[in-house]
Amino acid sequence: MHKPCFPPAAIHRVDRGVAWDTPGYQRKIIVNKMMRTRRNLLLFILFLAAGALPLLVHYDTSGPARIMENLSIMSSQETWLRMQQGEEQAWLVPTWNGRPRVNKPPMLVWLNLLVWRLAPADASVDLLIGWARLLAAGFALLALASTYLITARLANHRLARLAMLLVGSSFLFIRQGRFATYDTHLLGWSMLAVAMGCLALIGRRTKSSTWWFLPCGLALGGALLTKGPVALLFVLPPLVLFAATWRPRRRTALAGLVSATLLGLLLFGSWYVYIFLHHPNAWAWVIREYRFPARAEASPFWYYAGLVPLLFPWSVWFLVALFLPFRAKTFASRRIFFPPWLWLVSVLTLLSLSHAKNARYILPLVPAAGIMTALYFGVLEKRFAVLHRRGAIRMGAIIHWTALGTACLALPAAVLLQSRFAVDGSHPLKYFPHLPGVASWVAWLLGMLLPAGWVMSLRAFQRGAVIRSACITAFMLLAASSVGYYAYAVSEDNGSYPQRADAERLAAYCADQPLHYYSIIPDEKRIDPFCLPKPDRDPDKEFLIYYRGIISSRTPEAIRDGALRGIASRVCVRDMPQRTQLLESWGFQYVFTFEDGTAPAWKLYEFLP
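Residues numbered from 1 in each chain as written. Predicted model: local features only at pLDDT ≥ 70, side-chain atom pairs only at ≥ 80, totals over all residues. Heavy atoms only, no water.

## Comments concerning the pattern of salt bridges
(1) Moving on: In the structure shown here, the tally under the stated rule is 13 salt bridges.
(2) Moving on: The partner of R99 in a salt bridge is D538, with the nearest N and O atoms 2.8 Å apart. Of this pair, R99 sits in strand 4 (residues 99–100) while D538 sits in the loop between strand 5 (515–518) and helix 22 (541–547); the two residues are 439 residues apart in sequence, bridging distant segments of the chain.
(3) Moving on: Given a relative accessible area of 17%, D538 falls into the buried group.
(4) Moving on: For E504, the salt bridge is made with R500, and the minimal N-O distance between the two is 2.9 Å. Here the residue E504 and the residue R500 both occupy positions in helix 21 (residues 500–510), the gap between them amounting to four residues, near one helical turn.
(5) Moving on: According to the relative accessible area criterion, E504 is partly exposed, its value standing at 36%.
(6) Moving on: What makes R500 partly exposed here is its relative accessible area of 25%.
(7) Moving on: Taken together, the shared-partner salt bridges in this structure form one network comprising D126, R500 and E504. (Salt bridge = Lys/Arg side-chain N within 4 Å of Asp/Glu carboxyl O. Helix = DSSP H or I, 4+ residues; strand = E, 2+ residues; numbered from the N terminus. Buried < 20%, exposed > 50% of the residue type's maximum accessible area, 1.4 Å probe, protein only.)

Okay, here's the thing in structure tokens:
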């Protein structure tokens with residue numbers, strides 16, 4: 001006997017008075033489903049494009065940022081230049097001013113090299129930085145798409161779009177998503193791994209769903225090869241929680257998770273096995289990577305409470321959403337609310353145990369906070385008539401709308417008034433970024449549109465259309481952020497490296513000749529370069545990026561011996577009398593002085609036999 005394609009509970013279901021088994025009804029269901037799928041796909045693309053606006057506006061204009069982007073660009077460009085000069089195997093061991101860059105995994109460098117294959121051999125630094133940032137923005141958008149997939153499996157497509165907007169419009173995401181850093185790449189890889197794991201663990205119970213563990217393991221390997229073992233903290237806890245909550249066949253889920261983890265560790269370990277076999281001193285550099293931040297970035301346990309303001313403008317609602325799982329009255333709702341809550345709290349606690357803390361380290365947790373907040377907005381809209389009367393929610397709404405309204409008025413006012421104050425004066429705007437690239441008419445337009453958007457969002461909230469209200473707020477802030485970053489990027493006094501001309505002048509003078517700098521510490525003892533005395537450190541990272549070459553250290557004894565043997569050489573030295581006098585006594589001639597942004601300045605000397 002032929003079985004119906006609908007469950008027994010749907011036998012008496014009607015659609016506008018038509019029974020389910022009426023001829024043409026099933027075709028109508030299929031057509032409606034296809035229309036919903038196309039609509040969801042179109043809205044997903046539109047919302048993703050909106051999230052890309054502040055990430056891509058003039059992404060290639062400003063110089064490398066000092067939030068690890070300088071290190072990633074420096075090692076990537078140096079490796080790329082080595083390959084351009086005929087060293088085809090240079091990609092296996094990326095270098096950092098001539099030393100193996102083994103204290104960070106190489107995936108970011110490899111991907112930069114991959115996209116830089118499109119650039120000509122004489123590509124400018126700006127072009128390489130632009131391509132690297134475009135790649136990083138792609139990883140940020142990958143994290144948004146993964147957030148959508150996770151939320152769609154937990155709830156529905158409407159809340160998935162909202163979660164994507166909440167994450168994309170948060171302050172920390174926009175700030176970090178524009179830069180080619182390890183943290184931005186880790187965000188994309190780790191969220192992709194969690195999303196693929198969710199496809200295997202949540203939803204359909206067919207055997208084919210376990211194949212999603214394969215891309216999950218590959219993405220985990222990418223995350224590990226981007227920033228090391230810390231990637232496990234951002235991938236395994238959420239997947240274990242989803243498996244324990246949603247998967248009825250826990251043995252199958254456990255086997256899948258173990259397989260994905262082993263695959264990721266295999267990809268990660270294979271490169272380090274190669275490094276340790278070919279570079280016996282590599283372990284000392286790896287130890288340094290975790291030793292220096294423990295001292296330089298030591299912070300108290302509660303440091304990561306700063307996640308709340310970094311989620312602006314959703315900070316208040318995020319705090320309220322933290323109590324959502326404890327208010328759930330049914331098992332089905334707890335299965336939805338508790339996994340992202342435990343995901344966020346468990347990983348944040350584990351990160352807080354470390355002495356080294358930095359705001360960018362918690363970037364991969366922003367999607368979990370966005371999912372929680374989106375789920376709360378869904379509950380608030382569904383039960384708005386009851387919930388909005390509660391004192392805590394009313395107080396949260398007052399704080400949210402007051403802070404948002406103040407920001408909508410303050411931003412255009414600050415842009416309009418900044419020219420009336422001296423940049424270095426003691427005035428209320430001295431800490432506000434100088435944005436001379438914003439035309440006055442743009443500031444006036446923002447002054448009208450932002451308050452108007454605030455009013456529209458507030459009225460939608462008061463009518464109970466909470467999700468629509470949040471979407472209006474997100475679109476409004478994405479537009480304002482795009483204008484702000486456009487102005488910041490095109491203005492000459494922001495995001496540029498002042499010593500770029502000196503670096504390019506030095507590179508032009510030295511051409512292809514090797515250049516060294518004076519240091520009393522031998523290279524084999526420079527295990528921890530950040531803790532060296534300032535006169536014996538490498539030139540500044542941005543300086544080396546624009547110099548486009550290696551300036552290796554050389555001890556006084558080696559410099560003197562080379563001069564005694566009559567070997568021509570060029571040496572730069574800190575402007576310190578005891579060092580410059582020694583070089584002059586060995587026959588070196590002063591050429592010119594240059595700056596790298598650190599004191600004291602450098603002097604270039606050359607010895608011509």
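## Some thoughts on the packing of aromatic side chains
The geometry of an aromatic ring pair is captured by the separation of the ring centres together with the interplanar angle, meaning the angle of the planes.
(1) Moving on: Counted by the stated rule, this structure contains 28 aromatic pairs.
(2) Moving on: A centroid spacing of 5.4 Å and a plane angle of 50° characterise the contact between F139 and W189, whose relative ring orientation is tilted. Here F139 is found in helix 4 (residues 125–154), whereas its partner W189 is found in helix 7 (residues 182–201), with 50 residues between them in sequence. Like W189, F139 is buried.
(3) Moving on: Taken together, the ring pairs connect W314, W317, Y376, F377, F384, W401 and F461 into an aromatic cluster.
(4) Moving on: Just above the ring of F592 sits the side chain of R505; from NZ or CZ to the centre is 3.8 Å. (Phe/Tyr/Trp six-rings, centres within 6.5 Å; stacked < 30°, edge-to-face > 60°. Lys NZ or Arg CZ within 6 Å of the ring centre and 35° of its normal.)

## Side note on the environment of W441
(1) Moving on: Following the sequence through the fold, W441 ends up in helix 19 (residues 440–462).
(2) Moving on: The spatial distance from the C-alpha of W441 to the C-alpha of L416 is 9.4 Å, given a sequence separation of 25 residues.

## Regarding the side chain of S299
(1) Moving on: With respect to the helices and strands, S299 occurs in the loop between helix 11 (282–296) and helix 12 (307–310).
(2) Moving on: Every residue in contact with S299, bar those within four places of it in the chain, is listed here: H355 and K357. (Contact = heavy atoms within 4.5 Å.)

## Examining the packing of helix 4 against helix 5 (residues 157–168)
(1) Moving on: Taken N-terminus to C-terminus, the directions of helix 4 and helix 5 make an angle of 145°; their axes are 8 Å apart at the nearest point. Judged by the twist between their axes, the crossing of helix 4 over helix 5 is right-handed. Residues L144, T147, Y148, T151 and A152 of helix 4 touch helix 5, and the partners they reach there are H157, L159, A160, R161, A163, M164, V167 and G168.
(2) Moving on: Of the residues that constitute the contact of helix 4 with helix 5, the class distribution is eight nonpolar, four polar and one charged. (Axes fitted to C-alpha atoms, helices over the stretch in contact; angles between N-to-C directions. Left-handed = near helix turned anticlockwise from the far one by under 90°. Nonpolar A, V, L, I, M, F, W, Y, C, P; charged D, E, K, R; others polar.)

## What about a nonpolar patch on the surface?
(1) Moving on: Taken together, the side chains of L254, V258, L262 and L265 present a nonpolar region at the surface, about 360 Å² in accessible area.
(2) Moving on: Secondary-structure assignment places L254 in helix 10 (residues 250–278).
(3) Moving on: Given the relative accessible area of 55%, L254 is considered exposed. (Patch = residues over 30% accessible without salt bridge, like charges linked within 9 Å, V, L, I, M, F, W, Y side chains within 5 Å. Areas by Shrake-Rupley, 256 points an atom, 1.4 Å probe, with all protein chains shown as cover.)

## Here we look at the nonpolar core
(1) Moving on: Grouped together as the largest cluster of nonpolar side chains are 165 residues, with contacts concentrated most on I150, F242, W343 and L506.
(2) Moving on: Those residues in contact with W343, other than ones at most four positions away along the chain, are I150, M191, V194, F234, P238, L241, F242, L365, A368 and I371.
(3) Moving on: Of all hydrophobic cores here, the second largest spans nine residues; its members include I559, A563, V571 and L583. (Core = buried A, V, L, I, M, F, W, Y, C linked by side-chain atoms within 4.5 Å.)

## Topic: the sheet that holds strand 8 (residues 589–594)
(1) Moving on: Pairing within the open sheet is mixed, and its five strands lie in the order 6-5-7-9-8. The strands lining the two open edges of the sheet, one partner per strand, are strand 6 (551–554) and strand 8. Each strand axis lies, on average, 35° off the axis of its neighbour in the sheet, ignoring direction.
(2) Moving on: Of the strand pairs in this sheet, strand 5 and strand 7 (residues 569–574) are connected by two bridges, and their pairing is parallel. Following the sheet pairing, H516 is matched in strand 7 by V571.
(3) Moving on: Running at roughly 150° to strand 8, helix 21 makes contact with strand 5, strand 6, strand 7, strand 8 and strand 9 (602–607) of the sheet.
(4) Moving on: Contacting strand 5, strand 7 and strand 9, helix 24 (residues 577–585) runs over the sheet at an angle of about 160° to strand 7. (Pairing = 2+ DSSP bridges.)

## Quick word on the packing of helix 8 (residues 213–227) against helix 9 (residues 231–246)
(1) Moving on: In contact at an axis separation of 8 Å, helix 8 and helix 9 are set at 150° when each is read in the N-to-C sense. Classed by the angle they form, the pair helix 8 and helix 9 counts as roughly antiparallel. Of the residues in helix 9, those touching helix 8 at C216, L220, A223 and L224 are A231, L232, V235 and L239.
(2) Moving on: The class makeup of the residues in the contact of helix 8 with helix 9 is eight nonpolar, no polar and no charged. (Parallel < 35°, antiparallel > 145°, perpendicular 65-115°, else oblique.)

## Quick word on the environment of K357
(1) Moving on: Looking at where K357 falls in the secondary structure, it is placed in the loop between helix 15 (331–352) and helix 16 (366–382).
(2) Moving on: In this structure the C-alpha to C-alpha distance between K357 and Y304, which are 53 residues apart in sequence, comes to 7.8 Å.
(3) Moving on: Polar contacts involving the side chain of K357 include one to the main-chain carbonyl oxygen of S299, which spans 3.1 Å.
(4) Moving on: At 2.4 Å, the side chain of K357 forms a polar contact with the backbone oxygen of S354. (Polar contact = N/O pair within 3.5 Å; in protein donor to acceptor, adjacent residues only side chain to side chain.)

Distances and angles like these do not, on their own, reveal function.
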